[in-house]
Amino acid sequence: SDKHVIIDLPCGPCSLDDMSEIIDLAKRKGKLFMDASKFAHHQRTTEFISRIACPDFGPVGQIEVEFSVMKDDAKSTDELVRLSEHNNVLTSLGWYCARIAVAILEETNRDEDGGGAGELKSAAIKSMARDEVGNLNEVKAEVEFAHGCILSFQCSLGTRPTKQSIKVFADEYSAE
């Protein structure tokens, strides 16, 4: 439609390859296409996933993600992740953790018939903390995917130094 497209929530649990047609079209037309998971289309994310998607690495069995933003960094970080538009850490930061796990699993843990492995089996909040006025400011959660992979993530706003980290574990290898 010859328009720029900016979506508040990510486009869904699709792999980076699934987005390539939309991204290529936007580039050819000179238009911006951006979803809230900006990292998903970043070259470092593509490079990280391509390195662990090789057969030698093996299927991913565990993913650990931390996404923490210190209050002093919240103003500059807010421009990137729009923390002020959400009511709590789980919706503003937890989504990023889940989105990167799905992107990793879609590229590394495919069925023999080519199906993706990002299907959710269960999810549980392991712990959460609130600040002095009752706002949720730290969450630890665990997600189990249909193929048995476990995602553990911790999100915090103001309780830990600003950090984004991803650790991925297969039977014999790991990557961070």
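Figured I'd write up the structure that's included with this text. (Residues numbered from 1 in each chain as written. Predicted model: local features only at pLDDT ≥ 70, side-chain atom pairs only at ≥ 80, totals over all residues. Heavy atoms only, no water.)

## Regarding the overall build of the protein chain
From N to C terminus, the protein chain includes four helices and eight strands. Taken from N to C terminus, the helices and strands of the protein chain fall in the order β-α-β-α-β-α-α-β-β-β-β-β. By residue count, 39% of the 176 residues in the protein chain fall in the buried class. Contacts in the protein chain between residues far apart in sequence, at least 24 positions, make up 69% of those at least 6 positions apart. Here the protein chain displays about 10300 Å² of accessible surface, and carbon together with sulfur accounts for 50% of that area. (Helix = DSSP H or I, 4+ residues; strand = E, 2+ residues; numbered from the N terminus. Buried < 20%, exposed > 50% of the residue type's maximum accessible area, 1.4 Å probe, protein only. Contact = heavy atoms within 4.5 Å. Areas by Shrake-Rupley, 256 points an atom, 1.4 Å probe, with all protein chains shown as cover.)

## Side note on the pattern of salt bridges
Under the counting rule described, the total for this entry stands at three salt bridges. One salt bridge in this structure joins Arg-51 and Glu-47, with 2.6 Å as the shortest N-O distance. With Arg-51 and Glu-47 both in helix H2 (residues 43-52), this residue pair falls four residues apart, about one helical turn. (Salt bridge = Lys/Arg side-chain N within 4 Å of Asp/Glu carboxyl O.)

## Describing the packing of aromatic side chains
On inspection of all chains with the given rule, the structure shows one aromatic pair. Geometrically, the ring pair formed by Phe-57 and Tyr-173 is stacked, given 6.2 Å between the ring centres and 25 degrees between the ring planes. On the criterion of sequence distance, the pair formed by Phe-57 in the loop between H2 and strand E3 (62-69) and Tyr-173 in the loop between strand E7 (163-169) and strand E8 (174-175) is long-range, its members being 116 residues apart. Its relative accessible area of 8% is what places Phe-57 among the buried residues. For Tyr-173, a relative accessible area of 44% corresponds to the partly exposed category. (Phe/Tyr/Trp six-rings, centres within 6.5 Å; stacked < 30°, edge-to-face > 60°.)

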